[in-house]
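# Per-entry structural report
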Amino acid sequence: MTPEFQAADVDAAVEDARALIQRFEIVAAPVPVERIARRLGVRVKYAPLDGDLSGMAYIADGVKIIGVNALHHSNRQRFTLAHELAHVMRHAPYLENEVHLDRGSLRRDWLASEGTDPLEIEANAFAAELLMPRTLLDAAIDGRPIDIEDDEVMGILARRFRVSATAMRFRLIRLA
Amino acid sequence: MAFVFYDVETTGLNTRYDQILSFAAIKTDDELNELDRLMCNCRLMPHVVPHPIALHVNGITLEAADNPSLPSHYQMMRNVQQTLDAWSPALFIGYNSISFDEEVLRHALYLTLHNPYLTSMPGNGRADALALVRTIAFLRPGALTVAMRDDGATSFKLADICEANGIDHVGAHSAINDVLATIALCKKARDGDDETWSRFLRSSTKSAVRELLEGEDAILHIRFSGNTGVPVVIVRVAQDPSDANCQLCLPIDFPASRFMAMSEVDAGALLFDREQGLVRIKLNKGPVLCPLYEAPETLLGGRSEAQLLTDATILRETLGLAAFVLQVLHSQSPPRPVPTELEDMLYKRLPDRQDDHRLRQFHAADWEERPVLSRAFSDPRNRALARRLTYLERPDLCDPDDIDRLHAGLRRRLVTTEAESPWRTVAAALQALQELPIDVQDGARSAYTRKYNPG
């Protein structure tokens, strides 16, 4: 029987992501999220998934497997991969008996970190820290004032971290 | 989202001047189970002369292709476009499709005033099962049985590879049978090597290939020369200024210092050398790429991943390398011919998006209204194509000035004596009758003579 997840521990999720950045000695953006997943022994599988399904996580015969929608934009695939990585790292007991499916747009996914599902809140906090580590983001901004309404600046930062401009905006708002 | 497997049977191998005679597609779910199918045929267009061998292979006689009760090419392409559009988003797969079926489909859509880039629109992806089979045969021999010809050479023909792997492929070269065989082959490939299957699907969109190339300092590329795979670790150096979908890469052992000291002519010779020179990765053609951390060590030339990454950094940071590559490319590339025929103009420039709504109006309108609507097209190619379509479908609605010119222009396709004409003339087709098996030559010759040389 799948245990019930009580409450999100966002700080712990963020710490897990930071630990990976340190362990794999990531010193520059973009963070090689697929390489990290593979080094952790996770199998990453791409497929044209149904509907708005962006990704899934499950465990089969003890192997942690992440599925990513092959038809989504690569920035969204990176987010999906980081998000599902949180599930296989932090929520393994909940994946033993079922395939965890993630749907929705990137915007909704990011907004979900303010939602009510503790699994998703943790996974989104982990993904944000892994793809846009605070240290690397601070270094990229270098103390300059940032206007999140400035599309050009958001575009430059988003391209550097290989995330969408929307994801970058949410991240900067949250860090502020 | 799902897969769409498709195949075309055509009047020949010229992707611009031959036409589709038969089209088949099957939509599947992500487990490759059939959900829906489309099968359609059309009649021969009056200005296209089929190659006798193509008809023989497809099993379509000239009389059958010329049957006036069949839908026109335009009517068939309306059906194809509407069905594929309704099945999108999807990942489109064929066998040898990137170099053939995709090009044929694009040109058929373009010539009938549809979006030629349907299969690569955002949300869709495209991949070639031939590349999948070749890659598995190269990386995981044993996961699929490679077909051998009588002379001992390997064969990746769909019929041969199916037979070698116990896949029932009755009626090869019928579009629907080739689609069914391709699905069965993909199931076998997926079950035999799901890592390569996953990587194959990942490379089906431009953004994913760009991510792979730009996200990795070096990457393993498997280049196929005929049926032989050649592994090469490459480093991206620049974007091709003449093609937004092409990234310019160099082999990791590229002699950068020697190259930089060369004259432009010598540098061009090195850059265009197939073995040592430039590797052009087309983002939209499903290239076979493998990050170093996933690559089998045996394909990395005895070097560790760390060593390769160091070598990649040295190559990439060679001062002025990318700029000199672009300079040499610009000065040494042969000039592109200026297209004069509509068939050659698809890649001249992107479609004019201002026409999107007008094209939808055109297809929805009665034929009587279309000549007027087509005059509003902003893209001159669309205006010319609309005039040709009207001539082919409803010549009674053509401007009197137009009809003689269009008739003469298309008639010229049949009778021209230009030695280098890009299309197939009647004379060329009659000459090609000799390539047919002896026992069918007389029948085919009679049919061609009745149709094209009745006098």
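We now turn to the structure provided with this report.

Each value, and the rule that gives it
Residues numbered from 1 in each chain as written. Chains lettered and ligands numbered in written order. Predicted model: local features only at pLDDT ≥ 70, side-chain atom pairs only at ≥ 80, totals over all residues. Heavy atoms only, no water. Helix = DSSP H or I, 4+ residues; strand = E, 2+ residues; numbered from the N terminus. Rg over C-alpha atoms; globule rule 2.2 N^0.38 Å. Buried < 20%, exposed > 50% of the residue type's maximum accessible area, 1.4 Å probe, protein only. Contact = heavy atoms within 4.5 Å. Areas by Shrake-Rupley, 256 points an atom, 1.4 Å probe, with all protein chains shown as cover. Lys, Arg positive; Asp, Glu negative; His and termini not counted. Charge placed at Lys NZ, Arg CZ, Asp CG, Glu CD. Expected span 1.5 Å × (residues − 1). Core = buried A, V, L, I, M, F, W, Y, C linked by side-chain atoms within 4.5 Å. Patch = residues over 30% accessible without salt bridge, like charges linked within 9 Å, V, L, I, M, F, W, Y side chains within 5 Å. Salt bridge = Lys/Arg side-chain N within 4 Å of Asp/Glu carboxyl O. Phe/Tyr/Trp six-rings, centres within 6.5 Å; stacked < 30°, edge-to-face > 60°.

### Quick notes on the overall build of chain B
- Looking only at helices and strands, chain B features 19 helices and 12 strands.
- Relative to the compact-globule value of 23 Å for 455 residues, chain B shows a C-alpha radius of gyration of 24 Å, a close match.
- With respect to the principal axes defined by its C-alpha atoms, chain B has extents near 70 × 50 × 45 Å.
- Looking at chain B residue by residue over its 455 residues, the buried ones come to 54%.
- Nonlocal contacts in chain B, meaning residues at least 24 apart in sequence, comprise 66% of its contacts between residues at least 6 apart.
- Entry remark: accessible area of chain B is about 20500 Å², with carbon and sulfur atoms responsible for 52%.
- Charge-centre separation for chain B: the mean point of 48 positive side chains lies 4 Å from the mean point of 62 negative side chains.

### Side note on the environment of Ser333 of chain B
All names here are of chain B.
- In this fold, Ser333 is placed in the loop between helix 13 (321-332) and helix 14 (356-364).
- Judged by relative accessible area, which is 28%, Ser333 ranks as partly exposed.
- Considered as a pair, Ser333 and Thr313 are 20 residues apart in the sequence and their alpha carbons are 27 Å apart.

### Quick notes on helix 7 (residues 175-192) of chain B
- With 18 residues, helix 7 of chain B extends 26 Å from end C-alpha to end C-alpha; this agrees with the ideal 26 Å at 1.5 Å per step.
- Three or more residues of helix 7 of chain B are buried, namely Ala175, Ile176, Asp178, Val179, Ala181, Thr182, Ile183, Leu185, Cys186, Ala189 and Arg190 of chain B.

### Concerning the nonpolar core
- Counting residues in each nonpolar core, the largest one holds 77 residues, and the members touching the most others are Leu85, Leu130, Phe161 and Met168 of chain A together with Tyr95 of chain B.
- Apart from the residues within four sequence positions on either side, Met168 of chain A is in contact with Met132, Leu137, Met154, Leu157, Ala158, Phe161 and Val163 of chain A.
- If you look at the next biggest cluster of nonpolar residues, it comprises 36 residues, including Ala238, Ala267, Leu278 and Ala295 of chain B.

### So, a negative patch on the surface
All names here are of chain A.
- A cluster of acidic residues, Asp147, Glu149, Asp150 and Glu152, forms a negative patch on the protein surface.
- Relative to the helices and strands, Glu149 resides in the loop between helix 7 (134-141) and helix 8 (151-161).
- With relative accessibility at 60%, the residue Glu149 sits in the exposed group.

### Things to note about the packing of aromatic side chains
Residues and elements named next belong to chain B.
- Taken as a whole and assessed by the stated rule, the structure comprises 11 aromatic pairs over all chains.
- Look at Phe3 and Phe5: their rings are 5.9 Å apart centre to centre, the planes differ by 35°, and that puts the pair in the tilted class.
- On the accessibility criterion, Phe3 (1% relative accessible area) is buried.
- Ring plane angle 20° and centroid distance 5.8 Å describe the contact between Tyr6 and Phe23, whose orientation is recorded as stacked. Within this pair, whereas Tyr6 is found in strand 1 (residues 2-10), its partner Phe23 is found in strand 2 (residues 20-28), the two being separated by 17 residues in sequence.

These figures come from the coordinates and say nothing about function on their own.
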